[in-house]
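Inside the fold
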Amino acid sequence: MRKAMSSHAFHDELQVTCSRHLQTNSDKKLDSLVGRRSDIRRTVHSALFGSDGLTSCNDVITFDKKVKHIRNNVLSASDVAVLRKLSAFTVTR
């Protein structure tokens, strides 16, 4: 539907995805990969959607800094290893 809207109805318009839908979809994916009660799930969810998460960034510079901070300080080496094994995320250090 999104593809049809962008290619046929609104050719050059910017699409904004609702953060609620992003959160719901990522929560479902994390639940299926690592389980609802997993520490990794809580860490990733907080890093993305917490009060100081990626969704709180207002510009690209802040977003890039936050991603770097999450990769270097928030996710532990074991978290990164688990996420890589699941092949659900591209996580680089």
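As shown above, the structure is provided for reference.
Okay, so let's go over this structure. Since this is a predicted model, take the numbers as computed values, not measurements. Starting from 1, residues in each chain are numbered consecutively following that chain's sequence as written. Under the rules for a predicted model, residues below a pLDDT of 70 receive no local features and side-chain atom pairs below 80 are neither given nor counted, while totals for whole chains, interfaces and linings still include all residues. Hydrogens and water are ignored here; the side-chain numbers use all heavy atoms of the structure.

Comments concerning the pattern of salt bridges
Inclusion rule: Salt bridges are identified by distance alone: a Lys or Arg side-chain nitrogen within 4 Å of an Asp or Glu carboxyl oxygen. Working definition: helices are DSSP H or I runs of at least four residues, strands are E runs of at least two. Numbering for both runs from the N terminus. Summary of the burial criterion: residues with accessible area below 20% of their type's maximum are buried, those above 50% are exposed, and those between are partly exposed, where the area comes from a 1.4 Å probe applied to protein chains only.
According to the stated counting rule, one finds five salt bridges in the structure shown. Taking the shortest distance from any N to any O, the salt bridge between arginine 41 and aspartate 31 comes out at 2.4 Å. With arginine 41 in helix H3 (residues 39-49) and aspartate 31 in helix H2 (residues 19-34), this residue pair connects regions lying ten residues apart in the sequence. Take arginine 41: its relative accessible area is 7%, and that puts it in the buried class. Using a relative accessible area of 21% as the deciding quantity, one classes aspartate 31 as partly exposed. Across the salt bridge formed by lysine 66 and aspartate 52, the nearest N and O atoms sit 3.1 Å from each other. With lysine 66 in helix H4 (residues 60-74) and aspartate 52 in the loop between H3 and H4, the pair connects residues that are 14 residues apart, well separated along the chain.

Examining H2
How we decide: The span you would expect from a helix comes to 1.5 Å times its residue count less one. The arc refers to the directions leading from the helix axis to the C-beta atoms.
Its 16 residues give H2 an end-to-end C-alpha distance of 22 Å, which sits within 8% of 22 Å, the value for a rise of 1.5 Å per residue. Residues of H2 that are buried: Ser26, Asp27, Leu30 and Val34. Buried residues of H2, viewed axially, fall in a sector of 105°; they line one side. The exposed set on the far side of H2, more than 90 degrees from its buried face, consists of Lys28 and Ser32. A positive backbone phi angle near 90° is found at glycine 35, which sits one or two residues after H2.

By themselves these figures say nothing about function.
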